[in-house]
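Chain by chain, the residues run as shown.
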Amino acid sequence: MRLIHTHSHSDNIQPIQLTDHFTIARLLRFVLPSIITMVFTSIYGVVDGFFISNYVGKTAFAASNITWPLLMIFAGVGFLFGTGGSALVAAYLGADRQKKACSLFTEFSLVLFAAALVLTILAEVLLPSAVVFLGADESMLPDCIAYGRFLLLGILPFAFQNFFTPFLVTAGKPGLGLTFTLLAGFTNMFSDALFMGVFGSGVAGAALATTLSAIVGSALPFLYFLLPNKSSLHFRAFSFDGKSLLKVLSNGSSEMITQLSLALVNVLYNILLMKYLGEDGVAAFGVISYVNCIFTAVFTGYAIGSAPVVSAHCGAGDLAEVKGILKKSILLLSIFGLSMALSASALSPALSALFTGYDEALCVLTTHAFRIFAISFLFMGFNIYTSSFFTALGNGRISFLISFLRTFVLQVLCAVLLPLSFGAEGIWWATALAELICLGISALFLVFNRDSFGFRKPEKERTRFHGDLPSEES
């Protein structure tokens, strides 16, 4: 059944529902809290790097960047259940089946808790051998262990922070998600200043500050969904639904593989940079990674904020609205990408000096590398959104392929092959080339699957959601 779209002159003050008609202005207003949430999350991660680099030194900074991928690898399970689960739950909400949506939300939360707990124990056991495998030398090893012990205690809260972020959007409360993130961010910044600036606790203090912020960022949304609230989601008694769980594991795999791949590619870059440039290369890449998180967060926030809207309209059978959201998103992301590529290039000297101003040669190297890396922002947003778009449609297969190609296959090929001809310079160009190639692949997937989201598809052939929602309640 096609949705009835209403328009009002009071659009600026009326709360936005997932099944509303979305103009560009309304879409921006709805996704803005998610964008700010992701940007702010990245900023307080950057604060960690700032304090470590300036208060402990570049060896400790390089050590923290070698260890950080472990958290990304293990806490990525939160993205698996968060993105895959929120797409299915939003589809049920769009189909006006709130009880089923809440039941699945509760089930996914409990399964995630068990998985994250097991992964935390595993990570702590594997830490010493893992950091050596990731490229730590003898000078970095003590800092890697000290940083990792406290950081990996945050796997469970970090996983739930990743899980709750898209579900707060699905519940129609992206602004509340921003509030929780701000509180978590202030906790991290204050703790960094206290532990490292006042107590001089080094990298262990930075890791503890990060873990405390994740506890705040996950506990607050947990309490919100546990207590009576006015949103469309809350915890409730449930009957285990194995079929839906398998669908989520399949559909959300693209976002999890993104996190795993990024972590593994970071490891590869660190190994290559140690080979070609030594500790300075790893430190420069660490700065780029921190700052890149802020710029990438704009694209990720947009994808997280808009995905439940796509899922809800699919669940309601309104593919005309899905097509409209896709067109508007391509336009907006093109503008975002050009703006960020230009601003990143212009700001690269200042951003590099913020972290490495104490070492002139390292600062020059970081500025040069970041200007090259900034070219990737022209293409990155489109690739991130396309993968998220197919997840929102319930097509985890295509979403997985785009993510895996973008974050692993193409990155590894470019990072390994380009240095053979261009040395260390090839490493800095690898990401931009990988994103450009993936842009063409993403566009082809959209073109060849255009019928599934409202392009040239007869009304009578439209489906409610990729794979269709089961009709039975539980």
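This one's a predicted model, so the numbers in the text were calculated from it and none came from an experiment. (Residues numbered from 1 in each chain as written. Predicted model: local features only at pLDDT ≥ 70, side-chain atom pairs only at ≥ 80, totals over all residues. Heavy atoms only, no water.)

Counted according to the given criterion, the structure contains 30 aromatic pairs. Ring geometry for Tyr290 and Phe355: centres 6.2 Å apart, planes at 10°, overall stacked. Placement of the pair is Tyr290 in helix H11 (residues 279–315) and Phe355 in helix H12 (residues 319–356), with a sequence separation of 65 residues. Accessibility assignment for this pair places Tyr290 and Phe355 in one class, buried. Relative to Phe408, the ring of Phe404 has its centre 5.5 Å away and its plane inclined at 20°; by these criteria the two rings are stacked. In this pair, Phe404 and Phe408 are both assigned in helix H15 (residues 396–422), four residues apart and thus about one turn of the helix distant. (Phe/Tyr/Trp six-rings, centres within 6.5 Å; stacked < 30°, edge-to-face > 60°. Helix = DSSP H or I, 4+ residues; strand = E, 2+ residues; numbered from the N terminus. Buried < 20%, exposed > 50% of the residue type's maximum accessible area, 1.4 Å probe, protein only.)

Structurally, the position occupied by Gln411 is in helix H15. Among residues more than four places away in sequence, those in contact with Gln411 are Val265, Tyr269, Leu405, Arg406, Thr431 and Ala434. (Contact = heavy atoms within 4.5 Å.)

So, on to the packing of helix H7 (residues 174–198) against helix H8 (residues 202–226). Remark: H7 packs on H8, axes separated minimally by 8 Å, with the N-to-C direction vectors making an angle of 160°. It follows that H7 is roughly antiparallel to H8 by the angle criterion. Like other packed secondary-structure pairs, H7 and H8 cross with a definite hand, here right-handed. (Axes fitted to C-alpha atoms, helices over the stretch in contact; angles between N-to-C directions. Parallel < 35°, antiparallel > 145°, perpendicular 65-115°, else oblique. Left-handed = near helix turned anticlockwise from the far one by under 90°.)

Averaged over all residues, the pLDDT of the protein is 86; the fraction at 70 or higher stands at 92%. pLDDT under 50 marks residues 1–12. Its contacts with residues more than four places away, or in other chains, come to 15 contacts. Per-residue pLDDT stays below 50 along residues 456–464; that stretch engages in 15 contacts with residues further than four places along the chain or on separate chains. (pLDDT = per-residue confidence, 0-100.)

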